[in-house]
Amino acid sequence: MNPLISDFTPPPARLPVIVALDFANSQDTLSFVRRLDPTLCQLKIGKELFTATGRRLAEDLINQGFKLFLDLKYHDIPHTVAQACKVAAEMGVWMVDMHASGGRRMMEAAAEAVAGYAQKPLLIGVTVLTSMEEADLAEIGWQVPVEELVLRWAKLAQDSGLDGVVCSAHEAAPLRAALGEEFVLVTPGIRLDVAGNQDDQRRIMTPAQALAAGSSYLVMGRPVTQADDPVAVLRAVNQLVA
Ligand code: C5P
């Protein structure tokens, strides 16, 4: 057999993992990312890293060929969010998110703003933050059971032209049933071993459980960034969808 092709394993059709780059600066981020490549995973930049590094790091990662989730959870008047989504589209961002509680007009404006781009970013709604409990919701005037609010906002996001939502893997099965096969479900709170270290996450699932529940993409931070062998972790998860 040709030795050049015998080692070649084609990447899975859909890479399930989005690695959360929860680092404080570019240097630490880039030294970690050097161990990865775009055939293994997507990457996510959140508020801390983006505030520290601006668009330069984001563009650097995109130029390296990585699909980038800009997790800035926009929430503002429709025009402002639409313009921010346009900038993200022009940067070549793959996925960007906004709070579904910003309402229909905000989400529709965002969807309309990116519709004309050849490489349109996936627009993802954030439903109820997993840090919010029923008492927190009641205090800000929402006397609704969490699951009901999550489903209601996810349906509104879909109806307003968004591509998917961020949700707990524990909410994935009912959302998948209600919203269909195409709707993108992005789930954090993933741990390789449910009996092991949960860090500060409360309701966790393993990658296999979350994918079986209907997750499209798994957001994984510390289980990858603090692993002795991050590539081995990513390969093991990729095997689940191969
Ligand atoms: O290290 P860990 O896997 O817990 O990181 C999870 C990532 O997903 C972090 O970037 C965190 O901010 C994000 N996230 C989350 N829960 C949510 C929304 C986002 O853990 N509900």
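Structural notes, computed from the coordinates. Being a predicted model, the structure only gives us computed values, none of them experimental. (Residues numbered from 1 in each chain as written. Predicted model: local features only at pLDDT ≥ 70, side-chain atom pairs only at ≥ 80, totals over all residues. Heavy atoms only, no water.)

Moving on, we get to the overall build of the protein chain. Helix and strand counts for the protein chain stand at eleven helices and eight strands. Taken against the 2.2 N^0.38 rule, which gives 18 Å for 242 residues, the C-alpha radius of gyration of the protein chain at 18 Å falls within 12% of a compact globule. Counting across all 242 residues of the protein chain, residues that qualify as buried make up 48%. Partitioning the intrachain contacts of the protein chain with sequence separation of at least 6 by distance along the chain shows that 67% fall at a separation of at least 24. In the form shown here, the protein chain has an accessible surface area of approximately 12,300 Å², with 50% of it arising from carbon and sulfur atoms. (Helix = DSSP H or I, 4+ residues; strand = E, 2+ residues; numbered from the N terminus. Rg over C-alpha atoms; globule rule 2.2 N^0.38 Å. Buried < 20%, exposed > 50% of the residue type's maximum accessible area, 1.4 Å probe, protein only. Contact = heavy atoms within 4.5 Å. Areas by Shrake-Rupley, 256 points an atom, 1.4 Å probe, with all protein chains shown as cover.)

Another aspect to go through is the site of the ligand. In the neighbourhood of the ligand, the contacting residues comprise Ala20, Asp22, Lys44, Thr130, Pro188, Arg191, Gln201, Val219, Met220, Gly221, Arg222 and Pro223. Here aspartate 22 contributes a side-chain N or O atom positioned 2.8 Å from an oxygen atom of the ligand. Between the ligand and threonine 130 there is a distance of 2.6 Å, counted from a nitrogen atom to a side-chain nitrogen or oxygen. Protein contacts shield 80% of the accessible area of the ligand, which totals 470 Å² for the unbound molecule. In a pocket analysis with a 2 Å cut-off to the grid points, the ligand is assigned to the largest pocket. Those elements giving two or more residues to the shell around the ligand turn out to be β8 (217-220) and α10 (222-225). Residue composition of the shell around the ligand, grouped by class: five nonpolar, three polar and four charged. (Near = heavy atom within 4 Å. Polar contact = N/O pair within 3.5 Å; in protein donor to acceptor, adjacent residues only side chain to side chain. 1 Å grid on protein atoms, 1.4 Å probe; cavity = no way out; pocket = protein on both sides within 12 Å on 5 of 7 lines; lining within 4 Å. Sits in = over half its atoms within 2 Å of the grid points. Nonpolar A, V, L, I, M, F, W, Y, C, P; charged D, E, K, R; others polar.)

Counting residues in hydrophobic clusters, the biggest one holds 66 residues, and the most contacted among them are Val19, Leu21, Leu43, Cys85, Met98 and Leu123. Ranked by residues supplied to this core, first place goes to helix α7 (residues 146-159) with six residues. Ignoring any residue separated from it by four or fewer positions in sequence, one finds cysteine 85 in contact with Tyr74, Val96, Met98, Ala110, Val114 and Leu123. (Core = buried A, V, L, I, M, F, W, Y, C linked by side-chain atoms within 4.5 Å.)

Let us look at the pairing of strand β2 (residues 42-45). Side chains of β2 alternate between two faces, with Gln42 and Lys44 and Leu43 and Ile45 buried alike. Relative to β2, strand β1 (residues 17-20) runs parallel, the two sharing three bridges. Paired with valine 19 across the strands is leucine 43, a residue of β2. Crossover connection from β1 via helix α2 (residues 26-33) to parallel β2: handedness right-handed. Across three bridges, β2 lies against strand β3 (residues 68-74) in parallel orientation. By the bridge assignment, lysine 44 is partnered in β3 with phenylalanine 69. Between β2 and its parallel partner β3, the chain crosses via helix α3 (residues 47-63), and the hand of that crossover is right-handed. (Pairing = 2+ DSSP bridges. Right-handed = clockwise from strand over helix to strand, strands pointing away.)

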